[in-house]
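# Architecture and fold: a report
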Amino acid sequence: MTHTPRSLDRLIRPKSIAVFGGKEARRVIEQCDKMGFAGDIWPVHPREDQILGRKCYRSVADLPGAPDASFVGVNRQLTIDIIASLSARGAGGAVCYASGFREAASELDDGNDMQEALVKAAGNMPIVGPNCYGFINMLDGALLWPDQHGMQRVDRGVAVLTQSSNIACNISMQTRGLPLAYLMTAGNQAQTGLSDIACAVLEDPRVTAVGLHIEGFDSIASLERLATRARELGKPVVTLKVGKSEAAQLATVSHTASLAGNDRVSSALLARLGIGRVDTLPALLETLKLLHVAGPLGSNEISSMSCSGGEASLMADAGVRYRVNYRALLDEQRRPLKEALGEMVTIANPLDYHTFVWGNREKQTTAFSAMMKGGYALNLIVLDFPRQDRCDAADWVTTCDAVIDAAKATGARAGIVASLGENMPEQTALSLMASGVIPFFGIDEALAAVETAAGIGAAWAKPVPPKLLNGGVSGGGGGSITLSEHEAKTELSASGLRIPPGKIASTPQEAAAVAESLGFPVVLKGLGVAHKTEAGAVKLNLTSREEVLAAAEAMASVASGYLVEKMVAKPVAELIIGAMRDPVAGPVLTIGAGGILVELLDDSAILTLPTTPALIREAIDGLKIRKLLDGYRGGPKGDFAALADAVAAAASYVVSNASMLEELDINPLMVLPEGHGAIAADALIRRRN
């Protein structure tokens, strides 16, 4: 039986903490004392009378009350017993430190059974873990954390959640000036997943943004709930999503699965939900800094200033790798910049302001202010500090002061970027953050942060997308069946997809008669042949009864019958529309360059379902083949409206048949010149038997 966990509020913001165990439990008390936890701490131990000056209790029943939070650092069997007692006592929740549960099922025969017993023992009391280090709450000094860490108390900041305890330890040691309010691990998520924990910390008014290090999505419904709440509260969520889905890939008979790929589906899913995604741990921390100070950005338009042409070039070149826009300067910015910097400075974006104003706070402030009046979403100044132990950084501090002055004077958002992360002292980073200026460690990390924050801003500016179709792989054995091309096209036609006029024939003579009734030219396809082209079971552009008869007789040895169709006119472009069942996201739609270009171009987009006309248009606009549809090099324009309608019809079919459909492949979809439509020339459907 699945229980709905209670609120996590008592667990993550406790006023009383119980600790169970020896060495690890003792460390939890030490960390709480060190960080000034103001609530009660109750050690529980079978033999000790006191630990660190606190009275020891013998059992859960002996405690003065039901603890808000408990750290259970004992063996796995005893963990289950203690969790049952805490749940019965009405405790607020517990961290289960022990391992040897489902994460060890391949080594321990009873791993799965032990995990089920643990969840049952918890009942409706929240538990985090097992195989979990716990969490750190630096807002209240509450640490259910059995180890050292590098954090300090904060009044407000970001929450970082991860499945990996070691990565949490590493993040706690960062010296980037990022204010960490919560650092939390989820272990193997037996009962409470990362998304549920994220929802809980998001509700804390002192939390500004949430970062997730995800190895696998615990629950799409929880992730959707998190995204909705983040948007409502205006608190962005960014993920570092790693690893591929562990669910076995379904056997495929088309291009669709290889085009989609689980990792690309993850990206499409997160983009739909308005959750940012980054590729590295440094980028995650730098993005969280930007989101903590500025929140999502209104656009990806940025400015860059540096006192070196080399740095300006590094910024410009890095911009090619990210979705950022060094928008040209406004006319009204040019004169004040020229006046502040002198005639020898080339006014551009990125801007090399030379060293003429170096060390002069007033002139630098004037120049930075002129740039910041350009309406950019973020204004970046490149500044690498000299070593603190060997050099004098006075002029660099002056530049920081000028950036702060300009940002305050203009109300614009500003960041200082050290091109080498180690060239920004932690104290400088902390001081910049306190003044509302974002200290970025690394050029690539800064631009990744801008791209991500702008992506969240763009997603939040759109209407909330419809609720996702529920579920990935569901039950139901019995294998699958593949419909014939004619059957597949007939079904799709009923959903509004246009197909060529055609008819089934049993004999070569019947095929020739059908061709005459349809009108030439026609296409002849042999039925019951898996790879028609390779087997010679497709003949195009047949223009007479004799040609059809000859072609049908030639393929009679491999074909069980024939499909005769009216030949489609020459298209402007050929596309593929596919659908497959992702193990996590459920049915997803793929659109891209089709025909022989599928593998050559690797040009596709993924739509999670259900979708909308606006999302379909946006996906098509992002394809390379879009240029063909626009009338490439004087060629005819394609029927874009008909293409969008065809994608919508395919999406509608997938949504209506979601519980049974395994795979859909429409390839090619022939997009004809403007006003002439889009026709599915071939189609495949595989569904559960």
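Rules and cut-offs
- Residues numbered from 1 in each chain as written.
- Predicted model: local features only at pLDDT ≥ 70, side-chain atom pairs only at ≥ 80, totals over all residues.
- Heavy atoms only, no water.
- Pairing = 2+ DSSP bridges.
- Helix = DSSP H or I, 4+ residues; strand = E, 2+ residues; numbered from the N terminus.
- Axes fitted to C-alpha atoms, helices over the stretch in contact; angles between N-to-C directions.
- Contact = heavy atoms within 4.5 Å.
- Disulfide = S-S within 2.5 Å.
- Buried < 20%, exposed > 50% of the residue type's maximum accessible area, 1.4 Å probe, protein only.
- Salt bridge = Lys/Arg side-chain N within 4 Å of Asp/Glu carboxyl O.
- Phe/Tyr/Trp six-rings, centres within 6.5 Å; stacked < 30°, edge-to-face > 60°.
- Parallel < 35°, antiparallel > 145°, perpendicular 65-115°, else oblique.
- Left-handed = near helix turned anticlockwise from the far one by under 90°.
- Nonpolar A, V, L, I, M, F, W, Y, C, P; charged D, E, K, R; others polar.
- Core = buried A, V, L, I, M, F, W, Y, C linked by side-chain atoms within 4.5 Å.
- pLDDT = per-residue confidence, 0-100.

Moving on, we get to the sheet that holds strand E11 (residues 180-185). Strand order in the open sheet formed by 7 strands is E9-E8-E11-E10-E12-E13-E14, and the pairing between neighbours is mixed. In this open sheet, the two edge strands, each paired with only one partner strand, are strand E9 (142-144) and strand E14 (276-278). When the angles between neighbouring strand axes are averaged without regard to direction, this sheet yields 15 degrees. Most of the contacts of helix H9 (residues 262-273) go to E14, to which it runs at about 145 degrees, and overall it touches strand E13 (237-241) and E14. Each of E13 and E14 touches helix H16 (residues 443-461); the most contacted strand, E14, lies at about 160 degrees to it.

What the rule picks out here adds up to 0 disulfides. Note on Cys32: no disulfide assigned, nearest cysteine sulfur contributed by Cys132 at a separation of 15 Å. For Cys32, a relative accessible area of 0% gives the class buried. Not part of a disulfide, Cys307 finds its nearest cysteine sulfur in Cys400, a span of 12 Å.

Bringing the pattern of salt bridges into the picture now. Pairs can form between side chains of opposite charge once their charged atoms are near each other. In the structure shown here, the tally under the stated rule is 35 salt bridges. Here Arg206 makes a salt bridge to Asp204, at a shortest N to O gap of 2.9 Å. Two residues, Arg626 and Asp621, come together in a salt bridge whose shortest N-O distance is 2.7 Å. Here the residues in one salt-bridge network are Asp9, Arg13, Asp140, Asp204 and Arg206, joined through shared partners.

For Ile171, the location among the structural elements is in helix H5 (residues 165-172). Sequence separation between Ile171 and Gly150 is 21 residues; the distance between their C-alpha atoms is 8.5 Å. The residues contacting Ile171, other than those within four sequence positions of it, are Val160, Leu180, Leu183, Leu281 and Leu285.

This part is about the packing of aromatic side chains. Overall, the coordinates contain 5 aromatic pairs when judged by the stated rule. When the ring of Phe71 is compared with that of Tyr97, the centres are 5.6 Å apart and the planes differ by 45 degrees; the resulting orientation is tilted. Residue Phe71 is found in strand E5 (residues 69-73), and its partner Tyr97 is found in the loop between strand E6 (94-96) and helix H4 (111-122); the two are separated by 26 residues along the sequence. Relative accessible area serves as the criterion here: at 0%, Phe71 is assigned to the buried category. Measuring from ring centre to ring centre gives 5.2 Å for Trp358 and Trp396, while their planes differ by 80 degrees; the resulting arrangement is edge-to-face. You can see Trp358 sitting in the loop between strand E16 (351-352) and helix H13 (361-372) and its partner Trp396 sitting in helix H14 (residues 394-410), a full 38 residues away along the chain. Note on Trp396: relative accessible area 22%, which makes it partly exposed. Among the aromatic side chains, those forming a connected cluster through ring pairs are Phe71, Tyr97, Tyr133 and Trp145.

Our focus in this paragraph is the packing of helix H3 (residues 76-89) against H4. Contact geometry of H3 with H4 gives a least axis separation of 7 Å together with a crossing angle of 20 degrees. As summarised for this structure, H3 and H4 are arranged roughly parallel, according to the angle between their axes. In the packing of H3 onto H4, the handedness of the crossing is left-handed. For the pair H3 and H4, contact is made by Arg76, Gln77, Thr79, Ile80, Ile83, Ala84 and Ser87 and by Met114, Ala117, Leu118, Ala121 and Ala122, respectively. Per-class residue counts for the contact of H3 with H4 are 8 nonpolar, 3 polar and 1 charged.

The next point concerns the nonpolar core. In globular proteins that are soluble, nonpolar side chains generally tend to be buried together. The biggest cluster of nonpolar side chains holds 109 residues, and the ones touching the most others in it are Leu161, Tyr182, Val210, Leu290 and Phe440. Residue contributions to this core peak at 10 residues, all from H16. Contacts of Phe440, omitting those with residues within four sequence positions, involve Glu286, Lys289, Leu290, Leu378, Leu380, Gly415, Ile416, Val417, Ala418, Met424, Ala446 and Ala449. Residues Ala593, Ala619, Ala651 and Val671 belong to the second largest nonpolar core, which totals 42 residues.

Glancing now at unusual backbone geometry. If a residue is not glycine, its phi is most likely negative; likewise, a peptide bond is most likely trans. Note that the residue after Asn349, namely Pro350, is joined by a cis bond; omega there is 0 degrees. Here the residue pair Asn667 and Pro668 is connected by a cis peptide bond, since its omega of 5 degrees sits within 30 degrees of zero. Position of Pro668 among the secondary structure elements: in strand E28 (residues 661-671). Its identity as a non-glycine residue notwithstanding, His354 has a phi of 60 degrees, on the positive side. In this fold, His354 is placed in the loop between E16 and H13. Classification of His354 as partly exposed rests on a relative accessible area of 26%.

Here we have 5 strands laid out as an open sheet, ordered E16-E15-E17-E18-E19, and parallel in their pairing. Across the chains shown, the open sheet's two edge strands, defined by having one partner strand only, are E16 and strand E19 (438-441).

The subject of this paragraph is the confidence of the model for the protein. Of all residues in the protein, 94% attain a pLDDT of 70 or more, and the chain-wide mean is 91. Note on residues 244-261: pLDDT is under 50 here. Beyond four places in sequence and across chains, it has 43 contacts. For residues 472-476, every residue scores under 50 in pLDDT, and the model assigns this stretch 10 contacts once sequence neighbours within four places are set aside.

Secondary-structure assignment places Asn325 in the loop between helix H11 (309-319) and helix H12 (331-341). Sequence spacing of Asn325 and Arg27 is 298 residues, and the spatial spacing of their C-alpha atoms is 49 Å. In this structure, Asn325 is in contact with Asn300, Glu301 and Ile302, ignoring residues within four places of it in sequence.

Consecutive side chains along a regular strand alternate between the two faces of the sheet. The buried fraction of strand E24 (residues 562-566) is high, at 4 of 5 residues. By the bridge criterion, 4 bridges tie strand E21 (residues 502-505) to E24 in an arrangement that is antiparallel. Looking at the pairing, Gly502 lines up with Glu565 of E24. Alignment of strand E22 (residues 522-526) against E24, held across 5 bridges, turns out to be antiparallel. For Val522, the partnering residue across the bridge sits in E24 and is Lys566.

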